[in-house]
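# What the coordinates show
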Amino acid sequence: MKLFTAIFAFLVVFQSSINTTETVSKENRNITVTVPNVTSNKGTIHYALYNEKGFMIQPLKTQSSKITNKKSTVVFTDVAPGEYAIICFHDLNGNDKMDFNEGRMPLEDYGISNNPASFGPPQYDTAKFVVSDKDVTLEIRF
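Since the structure is predicted, the reported quantities are computational estimates derived from the model, not experimental observations. (Residues numbered from 1 in each chain as written. Predicted model: local features only at pLDDT ≥ 70, side-chain atom pairs only at ≥ 80, totals over all residues. Heavy atoms only, no water.)

## Considering the nonpolar core
Grouped together as the largest cluster of nonpolar side chains are 19 residues, with contacts concentrated most on Ile-31, Val-33, Tyr-47, Leu-49, Phe-76, Ile-86 and Phe-129. Listed by contribution, the elements that provide at least two residues to this core are β1 (29-35), β2 (44-50), β4 (72-79), β5 (82-91), β7 (129-131) and β8 (136-139). (Core = buried A, V, L, I, M, F, W, Y, C linked by side-chain atoms within 4.5 Å. Buried < 20%, exposed > 50% of the residue type's maximum accessible area, 1.4 Å probe, protein only. Helix = DSSP H or I, 4+ residues; strand = E, 2+ residues; numbered from the N terminus.)

In structure tokens, the structure reads:
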């Protein structure tokens, strides 16, 4: 009877440990974004974090960073697990918006998560990335 009780207790503990390891983390994470190739130390880099629904319409979070040694880094904190995209631009003249010429071509450098090589406006499908059980580090190149 003692052997049966010991085996039963072991199985209960073992089963509960399996259930514990299968749970997916629901903790919020950080996303660190660096632009390593800014063309000058003038101005500011503005970053916007989007989900698919609000892409290029309404950012979930925004950050701005000064440029040091032609490099800029920000950290989006407390980001829930999910799928996201980031767009950033170099606000060289400090007017807090991206400037375009008459033909709607950007006058200031910009970048998109995943660094897709494309002409035209950013697309969510090429810029998306996943935040899951670990913090995320991205490099966006202009």
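## Remarks on the pattern of salt bridges
Under the defined criterion, the tally for this structure stands at three salt bridges. Across the salt bridge formed by Glu-27 and Arg-29, the nearest N and O atoms sit 4.0 Å from each other. Residue Glu-27 is classed as exposed on the basis of its relative accessible area, which comes to 52%. With relative accessibility at 14%, the residue Arg-29 sits in the buried group. In this structure, Lys-128 engages Asp-125 in a salt bridge whose closest nitrogen and oxygen atoms are separated by 3.9 Å. (Salt bridge = Lys/Arg side-chain N within 4 Å of Asp/Glu carboxyl O.)

## Quick look at the pairing of β1
Within β1, five of the seven residues are buried, leaving the element largely enclosed by the surrounding structure. As paired elements, β1 and β8 share four bridges and run parallel to each other. Looking across to β8, one finds that Thr-32 is bridged to Thr-137. (Pairing = 2+ DSSP bridges.)

## Details of the packing of aromatic side chains
One pass over the structure, following the stated rule, counts two aromatic pairs. A centroid spacing of 5.5 Å and a plane angle of 75° characterise the contact between Tyr-50 and Phe-55, whose relative ring orientation is edge-to-face. There is no split in this pair, since Tyr-50 and Phe-55 are both buried. Ring geometry for Phe-55 versus Tyr-124: centroids 5.4 Å apart, planes at 70°, classification edge-to-face. Placement of Phe-55 in the loop between β2 and β3 (61-66) and of Tyr-124 in helix α2 (residues 124-127) is noted, with a sequence separation of 69 residues between them. (Phe/Tyr/Trp six-rings, centres within 6.5 Å; stacked < 30°, edge-to-face > 60°.)

## Some thoughts on the sheet that holds β4
An order of β4-β1-β8 is seen for the three strands of this open sheet, with the pairing classed as mixed. A single partner strand is all that each edge strand has here, and the edge strands are β4 and β8. Sheet twist, expressed as the average angle between the axes of neighbouring strands with direction ignored, equals 15°. (Axes fitted to C-alpha atoms, helices over the stretch in contact; angles between N-to-C directions.)

## Comments concerning the confidence of the model for the protein
With 82% of its residues at a pLDDT of 70 or more, the protein has an overall mean of 86. Low confidence marks residues 1-24, where pLDDT is under 50. Its contacts with residues over four positions away, or in another chain, come to zero contacts. (pLDDT = per-residue confidence, 0-100. Contact = heavy atoms within 4.5 Å.)

## Details of unusual backbone geometry
Unlike most non-glycine residues, Asn-69 shows phi in positive territory, near 55°. Tracing the backbone through its elements, the reader meets Asn-69 in the loop between β3 and β4. Owing to a relative accessible area of 67%, Asn-69 belongs among the exposed residues under this scheme. Residues other than glycine seldom take positive phi values, yet Asn-115 does so here, at roughly 50°. Tracing the backbone through its elements, the reader meets Asn-115 in the loop between β6 (110-112) and α2.

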